[in-house]
Amino acid sequence: KLNHWLETQKELYRNHFTQAFTATQIGKGANEPKAAPKAKRERPDFPSQKGTARNFLNFFSGNNPQQDKIMKDDDYNRLLQMVDYLIENEKLPDKINKISQINISTGMIRYTFYLIHKELYTTKNIKPEWIDFLHAVFEQFKNIEWNTTKTKFSVKPSSYQHDMKSMKG
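Procedures and definitions
- Residues numbered from 1 in each chain as written.
- Predicted model: local features only at pLDDT ≥ 70, side-chain atom pairs only at ≥ 80, totals over all residues.
- Heavy atoms only, no water.
- Helix = DSSP H or I, 4+ residues; strand = E, 2+ residues; numbered from the N terminus.
- Buried < 20%, exposed > 50% of the residue type's maximum accessible area, 1.4 Å probe, protein only.
- Contact = heavy atoms within 4.5 Å.
- Areas by Shrake-Rupley, 256 points an atom, 1.4 Å probe, with all protein chains shown as cover.
- Patch = residues over 30% accessible without salt bridge, like charges linked within 9 Å, V, L, I, M, F, W, Y side chains within 5 Å.
- Salt bridge = Lys/Arg side-chain N within 4 Å of Asp/Glu carboxyl O.
- pLDDT = per-residue confidence, 0-100.
- Expected span 1.5 Å × (residues − 1).
- Phe/Tyr/Trp six-rings, centres within 6.5 Å; stacked < 30°, edge-to-face > 60°.
- Lys NZ or Arg CZ within 6 Å of the ring centre and 35° of its normal.
- Core = buried A, V, L, I, M, F, W, Y, C linked by side-chain atoms within 4.5 Å.

From N to C terminus, the protein chain includes eight helices and two strands. Within the protein chain, the proportion of its 169 residues that are buried is 34%. Look at the contacts in the protein chain between residues 6 or more apart in sequence, and 61% of them connect residues 24 or more apart. Here the protein chain has roughly 11400 Å² of accessible surface; of this, 49% comes from carbon and sulfur atoms.

What follows deals with a nonpolar patch on the surface. On the surface, a nonpolar cluster with roughly 350 Å² of combined accessible area is contributed by Leu2, Trp5 and Leu6. Examined against the element boundaries, Leu2 turns out to sit in helix α1 (residues 2-15). Take Leu2: its relative accessible area is 60%, and that puts it in the exposed class.

Moving on, we get to the confidence of the model for the protein chain. The predicted model of the protein chain has a mean per-residue pLDDT of 84, with 80% of residues at 70 or higher. Mean pLDDT across the secondary structure elements of the protein chain bottoms out at strand β2 (residues 38-39), with 50, and peaks at helix α6 (residues 128-137), with 96.

Attention shifts here to unusual backbone geometry. Positive phi is not limited to glycine here, since Gln67 has a value of about 70°. With respect to the secondary-structure elements, Gln67 resides in the loop between α3 (46-57) and α4 (73-89). Within the chain, Glu90 stands out as a residue other than glycine whose phi angle is a positive 50°. Within the secondary structure, Glu90 is located in the loop between α4 and α5 (106-121).

So, on to α3. Helix length check: α3 (twelve residues) gives 16 Å between terminal C-alpha atoms against 16 Å at 1.5 Å per residue, within 8%. On its buried side, α3 packs onto α4 and α5.

Once that is clear, we can look at the packing of aromatic side chains. Here the structure, examined in full by the defined rule, presents nine aromatic pairs. An angle of 40° between the planes, with centres 5.6 Å apart, marks the rings of Phe113 and Phe133 as tilted. Of this pair, Phe113 sits in helix α5 while Phe133 is found in helix α6, placing the two residues 20 residues apart along the sequence. The exposure class of Phe113 is buried, given its relative accessible area of 0%. The buried category is assigned to Phe133, whose relative accessible area is 0%. On the numbers, 6.0 Å between centres and 75° between planes, the contact of Phe113 with Phe138 is edge-to-face. Taken together, the residues Phe113 in helix α5 and Phe138 in the loop between α6 and α7 (146-152) connect sequence positions 25 residues apart. Comparing Phe113 with Phe138, the two get one shared label, buried. One aromatic cluster is present, built from ring pairs that chain together Phe113, Tyr121, Trp130, Phe133, Phe138 and Phe141. Here the guanidinium or amino end of Lys127 rests over the ring plane of Tyr121, the centre of that ring lying 4.6 Å away.

Attention now moves to the nonpolar core. As a rule of thumb, nonpolar side chains are buried together in soluble globular proteins. Counting residues in each nonpolar core, the largest one holds 37 residues, and the members touching the most others are Phe60, Leu79, Phe113 and Phe138. When contributions to this core are tallied by element, the ones reaching two or more residues are α3, α4, α5, α6 and α8 (160-168). Per-element accounting of this core gives the leading share, nine residues, to α5. The residues contacting Leu79, other than those within four sequence positions of it, are Phe60, Met71, Ile99, Phe113, Phe133, Val137 and Phe138.

Once that is clear, we can look at α5. Compared with the 22 Å implied by 1.5 Å per residue over 16 residues, the 22 Å span of α5 between its first and last C-alpha is a close match. Most of α5 is tucked away: 13 of the 16 residues are buried. Looking at the residues trailing α5, positive phi occurs at Thr122, about 70°.

Time to look at the side chain of His135. Among the secondary structure elements, His135 is positioned in helix α6. Setting aside chain neighbours within four positions, we find His135 in contact with Lys98, Phe141, Ile144, Glu145, Trp146 and Thr149.

Structure, rendered in structure tokens:
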């Protein structure tokens, strides 16, 4: 599998070399060597990022392990719109109509958003607007300190794996 993946990557770079790397000129003379190619830094691909977020949030539209609906459809759709706004603008939407208690724990919500953040931005620096988002959007976070949410952002709830399996069937 690894060998197949490496061959695929090699073909991608071979076929799209000029898009993946740009040569830079060190000196001004024609005989001076060019620097090693540097990877291009591309603009964020918002549709792809939104798709990634939706993949992680998909189970919010279903049932919890006790077979209770996790959240109302209109709340779920509002949540997706607010997450899209957060991804595109890196700030909270102006008007937020809080989502009342949903049928999963705050730990499940928090960790799911951590996984999205990790996939989109890595975890080197946690973007504070993502913690702000949890507190602004979910009523369940009203009695939790901001610093507690940030500290526990990457803490996986003990039942997360089991609950995810039971919710995805």
